[in-house]
Amino acid sequence: HSGGFRAAISEGLTVITDQQSVAFFQAVANRPATIAPDALANNPKPATVQGVDGQMTLSDTSMTVNLYRVAGNQHADTMLMAHFPRERILVEVDVYTPGSAVAPYAASLLENIQKLKLRVDRIVPLHVTPAPFGDLVKTAAAK
């Protein structure tokens, strides 16, 4: 949703996306709000958009998160997933939906996790309730 993205820029947040999407998000941030001025139009700031070229690690004194490109995914070639290694949590969106009757990208997600040798106990999809990693393994095997 570009309105929310533009509001985040106006608040000084950095947007992190796949390297291939940087130009798109910078263009969205720099578009004028022609119908109704939004937060960015009222408080212009340059867009801070940072690209991930395969992998990026973010950490502070309490937490580390690794961002990875979901390689070979048929849904979109610019998907990122976030792995919290200490918590053994994987956050993703639109690649796996626990409990769904259709899971065309589950095998691709599992392949990425295995290739990167990520230790995962729980999958946190952003559209539905979190699920145990074993549910993804079963779903991918059924495919």
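Summarised in this report is the structure supplied together with it. Treat the numbers as computed from the prediction; the structure is a model and nothing was measured. Numbering of residues starts from 1 in each chain and follows the order in which that chain's sequence is written. A pLDDT threshold of at least 70 governs which residues receive local features in this predicted model, and a stricter bar of 80 or more applies before side-chain atom pairs are shown or counted, although totals over entire chains, interfaces and linings include all residues. To get the side-chain values, all heavy atoms of the structure are used, and hydrogens and water are removed first.

1. What to know about the packing of helix α4 (residues 106-115) against helix α5 (residues 133-142)
- Taken N-terminus to C-terminus, the directions of α4 and α5 make an angle of 120°; their axes are 8 Å apart at the nearest point. It follows that α4 is oblique to α5 by the angle criterion. Crossing geometry of α4 relative to α5 is assigned as left-handed. Here α4 contributes A106, A107, L109, L110 and I113 to the contact with α5, which in turn contributes F133, L136, V137, T139 and A140.
- Only Asp, Glu, Lys and Arg are considered charged, only Ala, Val, Leu, Ile, Met, Phe, Trp, Tyr, Cys and Pro nonpolar, and every remaining residue, Gly among them, polar. Split by residue class, the contact of α4 with α5 holds 9 nonpolar, 1 polar and no charged. Helix axes use the C-alpha atoms of the stretch in contact, all axes being lines fitted to C-alpha atoms, and the angles between their N-to-C directions lie in the range 0 to 180 degrees. In DSSP terms, a helix is any run of H or I states spanning at least four residues, a strand is any run of E spanning at least two, and both are numbered starting from the N terminus. Should an angle fall under 35 degrees it is called roughly parallel, over 145 degrees roughly antiparallel, and 65 to 115 degrees roughly perpendicular, with every other angle called oblique. By definition, turning the near helix anticlockwise from the far helix through less than a right angle yields a left-handed crossing, and turning it clockwise yields a right-handed one. Working rule for contacts: check all heavy atoms of both residues, and any pair within 4.5 Å makes them a contact.

2. Observations concerning the packing of aromatic side chains
- Working definition: a ring pair exists when centres of Phe, Tyr or Trp rings (six-membered ring for Trp) sit within 6.5 Å. Plane angles under 30 degrees give stacked, over 60 give edge-to-face, the rest tilted. Applying the stated criterion across every chain, the model contains 1 aromatic pair.
- Ring geometry for F24 and F25: centres 5.2 Å apart, planes at 75°, overall edge-to-face.
- Take F24: its relative accessible area is 48%, and that puts it in the partly exposed class.
- The exposure class of F25 is partly exposed, given its relative accessible area of 24%. Accessibility here uses a 1.4 Å probe with only protein chains present; expressed as a share of the type maximum, an area under 20% marks a residue as buried, one over 50% as exposed, and anything in between as partly exposed.

3. Quick word on the layout of surface pockets
- There is about 260 Å³ of room inside the largest pocket.
- Here a cavity means grid points, on a 1 Å grid over the protein atoms only, where a 1.4 Å probe fits yet cannot get out; a pocket means an open set of points with protein on both sides within 12 Å along at least five of seven lines; lining residues are those with an atom within 4 Å of a point. L80, M81, A82, V91 and L126 are, among the 13 residues lining the largest pocket, the residues nearest its centre.
- Elements represented by at least two residues in the lining of the largest pocket include exactly β4 (64-69), β5 (80-84) and β6 (89-92).
- The class makeup of the residues in the lining of the largest pocket is 12 nonpolar, no polar and 1 charged. Grid points are joined across faces, edges and corners, and a volume is the space filled by probe spheres set on the points.

4. Observations concerning the nonpolar core
- Core analysis: the biggest nonpolar cluster contains 18 residues, and L90, L109, I113, I123 and L136 have the highest contact counts within it.
- Mapped onto this core, the elements with two or more residues apiece are α4 and α5.
- Leaving out residues up to four positions away in the same chain, I123 has contacts with L90, E92, Y96, I113, P130, A131, F133 and L136.
- Side-chain atoms within 4.5 Å are what join buried Ala, Val, Leu, Ile, Met, Phe, Trp, Tyr and Cys residues into a set we call a nonpolar core. Judged by nonpolar contacts, the second largest core, of 7 residues, contains V52, M56, A82 and V91.

5. Thoughts on the environment of Y96
- Topologically, Y96 is positioned in the loop between β6 and α4.
- In this structure Y96 comes out as buried when scored by relative accessible area, which is 3%.
- In this structure the C-alpha to C-alpha distance between Y96 and A36, which are 60 residues apart in sequence, comes to 36 Å.
- Not counting residues up to four positions away in its chain, the partners in contact with Y96 are A106, L109, I123, P125, D135, L136 and T139.
- Polar contact criterion, stated in full: a pair of N or O atoms within 3.5 Å, where within protein one must be able to donate a hydrogen and the other to accept it, and residues adjacent in sequence count only if both atoms are side-chain atoms. Within the structure, Y96 has its side chain in polar contact with the backbone oxygen of D135 (distance 3.4 Å).

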